[in-house]
Amino acid sequence: MKLAVIAGDGIGPEVVDEALAVLRAVVPDVETTDYDLGARRYLRNGELLTDADLESLREHDAILLGAIGDPRTVPSGVLERGLLLKMRFALDHHVNLRPSKRYDGVTSPLAGNPEIDFVVVREGTEGPYTGNGGALRIGTPHEVATEVSVNTRYGVERVVRNAFQRASARRKKLTLVHKTNVLTFAGSLWQRTVDEVAPEFPDVTTDYCHVDAATIYLVTDPGRFDVIVTDNLFGDIITDIAAAIGGGIGLAASGNIDATGTNPSMFEPVHGSAPDIAGQNKADPTATILSTAMLLRHLGKTVEAGRVEAAVVADLAERGDAARSTTEVGESIRARL
Ligand code: IPM
Ligand code: MN
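None of these values were measured; they are calculated from a predicted model.

Regarding the overall build of the protein chain
Moving on, step 1. For the protein chain, the helix and strand inventory stands at 11 helices and 12 strands.
Moving on, step 2. Compactness check: the protein chain gives a C-alpha radius of gyration of 20 Å against a globular reference of 20 Å for 337 residues, within 12% of the reference.
Moving on, step 3. On the principal axes, the C-alpha backbone points of the protein chain span a range of 50 × 50 × 40 Å.
Moving on, step 4. A total of 337 residues make up the protein chain; the buried ones form 44% of that total.
Moving on, step 5. In the protein chain, the share of contacts with a sequence separation of at least 24, taken over all contacts with a separation of at least 6, comes to 78%.

Put into structure tokens, the structure is as follows:
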């Protein structure tokens, strides 16, 4: 397995170290290439992601990413647009897969500690993230700023079909989350696409939920969801809620997937670089370790993925909500492999 590793900034290198040690324990012959990408390199030489970086990343089977960003030294948007989103777009990561599961031993902030087990399939290459927009009369009282949401039939259909496939392999329920009552152009495209793909998956029931209402259901009745499909921005927002209800951002894993397999997919924790706790051996590496399990599953290494997940499940069951250091969590999970 040829793995590109982008440890990144803040707590990124700490959580990636633990995840790589777990990975090597189940796949001893993994070959890694380290990439110096993120705030440090940008501050050193102004480089974000060069064509050569991209070309070289493409030679790998998958990418493991820790976290990128340093809000104290790099202006907001520079690394997001110039590095993280550029990678997702250039490598055609159209399926942004974000499972939400409350594991035994973990307490959800929701009353009654309900069972939570759903996945969000967030579109990853379109929507308002494309940078289509602009500003006029900047700095004047008449400034106008626009951000245009791009939704193509091709882009919507491929992510909707992927979500149906996942629902068919799970509890067979797919919920489209959008805002069709206001965003009528994009909303109509999404709803029609779901309706037109649905006959290919007769076993899957479809449902629709406005995004504002979805935020209510996520905290009052998360059991109603199995697979959610949604656009890039709505998906960004609801997956933070999904992480919180499942026991916290320290456990939330994600995959940025090119479902065609043409480009390497990238796996990363949902959390950011957390500079406030960087270097203190405090960050929970579980989200990165679970992202590694998703990576293994994506590459067809289901047995190895299952071993990592089982070790995490066993560790969480014992650890519960107790705070542990980064290295303690990594060691404890490896001891259970
Ligand atoms: C995420 C992050 C990113 C996003 C940012 C850092 C560009 O919030 O992965 O959810 O909005 O997708
Ligand atoms: Mn986010």
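Let's talk about the packing of helix 1 (residues 12-26) against helix 9 (residues 286-298)
Moving on, step 1. Running from amino to carboxyl end, helix 1 crosses helix 9 at an angle of 40°, the nearest separation of the two axes being 8 Å. Comparing the axis directions of helix 1 and helix 9 gives the class oblique. Here the hand of the crossing between helix 1 and helix 9 comes out right-handed. Residues Val-15, Val-16, Glu-18, Ala-19, Val-22 and Leu-23 of helix 1 form the contact with helix 9, whose participating residues are Thr-288, Ile-289 and Thr-292.

What about the sheet that holds strand 9 (residues 205-210)?
Moving on, step 1. Here 10 strands make up an open sheet; going across it, the order is 2-1-3-12-11-4-5-10-8-9 and the pairing mixed. Looking along the sheet, the strands with just one partner apiece sit at the ends: strand 2 (31-34) and strand 9. Averaged over neighbouring strand pairs, the angle between their axes works out to 25° when direction is ignored.
Moving on, step 2. In terms of strand pairing, strand 1 (residues 2-8) meets strand 3 (residues 62-67) through five bridges, oriented parallel. Paired with Ala-4 across the bridge in strand 3 is Ile-63.
Moving on, step 3. Along the sheet face, helix 1 touches strand 1, strand 2, strand 3 and strand 12 (265-269) and points at about 140° away from the line of strand 3.

Let's talk about the nonpolar core
Moving on, step 1. Residues Leu-64, Val-121, Ala-163, Val-227, Val-229 and Val-308 are the most contacted members of the largest nonpolar core, which totals 88 residues.
Moving on, step 2. Both domains that furnish three or more residues to this core are identified here as domain 1 (1-107 + 249-337) and domain 2 (128-246).
Moving on, step 3. Other than its neighbours up to four places away in sequence, Val-229 contacts Val-121, Val-159, Val-160, Ala-163, Leu-174 and Leu-176.

Digging into the confidence of the model for the protein chain
Moving on, step 1. Predicted confidence across the protein chain gives a mean pLDDT of 97, with 100% of residues reaching 70 or more.
Moving on, step 2. With a pTM of 0.97, the predicted complex shows an ipTM of 0.99.

What about the UniProt feature "domain: Isopropylmalate dehydrogenase-like" (unreviewed entry) in the protein chain?
Moving on, step 1. Look at the UniProt record and you will see "domain: Isopropylmalate dehydrogenase-like" (unreviewed entry) annotated at residues 2-333.
Moving on, step 2. Secondary structure content for residues 2-333 is 41% helix and 20% strand, and the end C-alpha separation is 23 Å.

As for helix 6 (residues 184-197)
Moving on, step 1. Helix length check: helix 6, at 14 residues, gives a terminal C-alpha distance of 20 Å against a target of 20 Å (1.5 Å per residue), a fit within 8%.
Moving on, step 2. Listed in full, the buried residues belonging to helix 6 are Ala-186, Trp-190, Thr-193 and Val-194. Take helix 6 and look down its axis: the buried residues cluster within an arc of 100°, on one side only. Along helix 6, the residues that are exposed and aim more than 90 degrees away from the buried face are Thr-184, Phe-185 and Glu-196.
Moving on, step 3. The inward-facing, buried residues of helix 6 abut helix 5 (153-168), strand 8 (173-178) and strand 9.

Some remarks on the environment of Ala-305
Moving on, step 1. Structurally, Ala-305 is set in helix 10 (residues 302-319).
Moving on, step 2. Given 20 C-beta atoms within 10 Å, Ala-305 falls into the buried group.
Moving on, step 3. Ala-305 sits 27 residues away from Ala-278 along the chain, and the two C-alpha atoms are 28 Å apart.

Let's talk about the domain arrangement of the protein chain
Moving on, step 1. Along its sequence, the protein chain is carved into domain 1 (1-107 + 249-337) and domain 2 (128-246).
Moving on, step 2. On a C-alpha basis, the centroid separation for the pair domain 1 and domain 2 is 24 Å.
Moving on, step 3. Put simply, the parts of the chain that give the side of domain 1 that touches domain 2 at least two residues each are helix 4 (78-90) and strand 4 (95-101).
Moving on, step 4. Counting residues per element, the side of domain 1 that touches domain 2 draws most heavily on strand 4, at five residues.
Moving on, step 5. Per-class residue counts for the side of domain 1 that touches domain 2 are seven nonpolar, three polar and four charged.

Quick look at the pairing of strand 9
Moving on, step 1. Pairing of strand 8 with strand 9 involves six bridges; the strand directions are parallel. Residue pairing across strands places Lys-173 opposite Thr-205, the latter belonging to strand 9.
Moving on, step 2. This β-α-β element, strand 8 to helix 6 to strand 9, shows right-handed connectivity.

Rules used throughout
Residues numbered from 1 in each chain as written. Chains lettered and ligands numbered in written order. Predicted model: local features only at pLDDT ≥ 70, side-chain atom pairs only at ≥ 80, totals over all residues. Helix = DSSP H or I, 4+ residues; strand = E, 2+ residues; numbered from the N terminus. Rg over C-alpha atoms; globule rule 2.2 N^0.38 Å. Buried ≥ 20, exposed ≤ 12 C-beta atoms within 10 Å, placed from the backbone. Contact = placed C-beta atoms within 7 Å. Axes fitted to C-alpha atoms, helices over the stretch in contact; angles between N-to-C directions. Parallel < 35°, antiparallel > 145°, perpendicular 65-115°, else oblique. Left-handed = near helix turned anticlockwise from the far one by under 90°. Pairing = 2+ DSSP bridges. Core = buried A, V, L, I, M, F, W, Y, C linked by C-beta atoms within 7 Å. Domains from an automatic or database assignment. pLDDT = per-residue confidence, 0-100. UniProt positions renumbered as here; feature names shortened; annotations may be inferred. Expected span 1.5 Å × (residues − 1). Arc of directions from axis to C-beta. Nonpolar A, V, L, I, M, F, W, Y, C, P; charged D, E, K, R; others polar. Right-handed = clockwise from strand over helix to strand, strands pointing away.

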